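Chain and residue survey
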Amino acid sequence: TGQSTVLAIHNIQIVYGGAIEAVRDVSLEVKAGQIVALLGSNGAGKSTVLKAISAVLDAEDGEIEKGSIQLFGENIERAAAPHIVRRGLVQVPEGRRLFATLTVEENLLVGAHLQNRAVLEEERDKVFRLFPRLAEKRSVVAGYLSGGEQQMVAIGRALMSRPKVLALDEPSLGLAPLIVSEIFSTIQTLRHTQGLTILLVEQNASRALAIADYAYIMENGRVVLDGTSEALRRNADVREFYLGLS
Ligand code: ATP
């Protein structure tokens, strides 16, 4: 197809503390407007890849030892986190990381501290249209929200930076099935209505494959399998080990 490449990772190796190799020889590609899933069990290295893309490995003494990462054709493997946000890639971190004592609205506004007031209010209102429940609870302190509502705030906060690419780390974690459906349908809406490109890290393979175009499966720091969601859903190993089907 003629879709342009938004994000391309070539053979990256990532090491923590100068010694522990968490990711080895991983390559992946995300094209404009796609939803691409990065699947695998606990500790497979998925979050480490996301952190490398967002340039937040430093905080954990992690380092890209080899390989390259290109965002819209620009090499970003040595870029700083704010630069990557300005280039249009924003991460929604695992565990949501909200300011528990700030209100919904305050959490949204601090997510976009670089923009002017009119832009801020416009983006905030867009988030409230996307998640009407957050509009109702705009003055509620984030610590009092349900897990699903907190995930909505985390996604909303990322959207405040007007991203072109959204990188989500386990958005379904700890949420009830009905709420997961709601969050995943919002992810699809964002792709369809705003043309957002999505990189989705998930342990919940069946949910992720239901909305992704393409997926990579990681084990022990490596990509062991990749393909269209359709092909992966038919794959016998995927069915047995990741979907719990026989
Ligand atoms: P999870 O869903 O649990 O986050 P994951 O697939 O995202 O799993 P990572 O968090 O990327 O996996 O972890 C990959 C490997 O790197 C694991 O062996 C983990 O123990 C190790 N690791 C992760 N963070 C650090 C760190 N800050 N320091 C040292 N080792 C780490």
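Residues numbered from 1 in each chain as written. Predicted model: local features only at pLDDT ≥ 70, side-chain atom pairs only at ≥ 80, totals over all residues. Heavy atoms only, no water.

As recorded by an unreviewed UniProt entry, the chain carries the name Branched-chain amino acid transport system ATP-binding protein and is attributed to Hydrogenophaga laconesensis. Of the comments in the UniProt record for the chain, the one headed Sequence similarities (unreviewed entry) reads "Belongs to the ABC transporter superfamily." (UniProt positions renumbered as here; feature names shortened; annotations may be inferred.)

Within the chain one finds ten helices and ten strands. The C-alpha radius of gyration computed for the chain amounts to 18 Å, which stays within 12% of the reference 18 Å derived for 246 residues, consistent with globular compactness. In terms of principal-axis extent, the alpha carbons of the chain reach across some 45 × 40 × 40 Å. Sorting the 246 residues of the chain into buried and exposed places 48% on the buried side. Pairs at least 24 apart in sequence give 68% of the contacts found in the chain among residues at least 6 apart. Surface exposure of the chain reaches about 11,600 Å², of which carbon and sulfur atoms provide 48%. For the chain, the centre of its 26 positive side-chain charges and the centre of its 29 negative side-chain charges are spaced 4 Å apart. (Helix = DSSP H or I, 4+ residues; strand = E, 2+ residues; numbered from the N terminus. Rg over C-alpha atoms; globule rule 2.2 N^0.38 Å. Buried < 20%, exposed > 50% of the residue type's maximum accessible area, 1.4 Å probe, protein only. Contact = heavy atoms within 4.5 Å. Areas by Shrake-Rupley, 256 points an atom, 1.4 Å probe, with all protein chains shown as cover. Lys, Arg positive; Asp, Glu negative; His and termini not counted. Charge placed at Lys NZ, Arg CZ, Asp CG, Glu CD.)

This paragraph deals with the site of the ligand. N42, G43, S47, T48 and E170 are the nearest of the 14 residues found near the ligand. Note that an oxygen atom of the ligand is positioned 2.4 Å from one of the side-chain N or O atoms of N42. With respect to the ligand, the side chain of E60 contributes an N or O atom lying 3.0 Å from a nitrogen atom. Residue contributions to the shell around the ligand peak at three residues, all from helix α1 (residues 46–54). In the shell around the ligand, the residues fall into three nonpolar, seven polar and four charged. (Near = heavy atom within 4 Å. Polar contact = N/O pair within 3.5 Å; in protein donor to acceptor, adjacent residues only side chain to side chain. Nonpolar A, V, L, I, M, F, W, Y, C, P; charged D, E, K, R; others polar.)

A few words on the packing of helix α6 (residues 147–159) against helix α7 (residues 177–194). At a closest axis distance of 10 Å, the pairing of α6 and α7 adopts a crossing angle of 15°. With respect to each other, α6 and α7 are oriented roughly parallel. Seen from above, α6 lies across α7 with right-handed handedness. Residues G148, Q151, M152, I155 and L159 of α6 touch α7, and the partners they reach there are I179, E182, I183 and L190. (Axes fitted to C-alpha atoms, helices over the stretch in contact; angles between N-to-C directions. Parallel < 35°, antiparallel > 145°, perpendicular 65-115°, else oblique. Left-handed = near helix turned anticlockwise from the far one by under 90°.)

Another point: the sheet that holds strand β3 (residues 35–39). Judged by pairing direction, the sheet is mixed, and its six strands sit side by side in the order β6-β7-β8-β3-β9-β10 without closing on themselves. Strands at the two margins of the open sheet, each flanked by one partner only, are β6 (89–92) and β10 (222–228). Each neighbouring strand pair of the sheet contributes to a mean axis angle of 15°, computed without reference to strand direction. Sheet topology note: the strand β9 (residues 214–219)/β10 ladder contains six bridges and is antiparallel. By the bridge assignment, A215 is partnered in β10 with G227. Docked against the sheet, α6 engages β6 and β7 (165–169), running at close to 165° with respect to β6. (Pairing = 2+ DSSP bridges.)

It is worth spelling out unusual backbone geometry at this point. In the Ramachandran plot, D25 falls in the positive-phi region, its phi being about 60° despite a non-glycine side chain. Note that D25 resides in strand β2 (residues 20–31). With a phi angle near 60°, A55 is a residue other than glycine that sits in the positive phi range.

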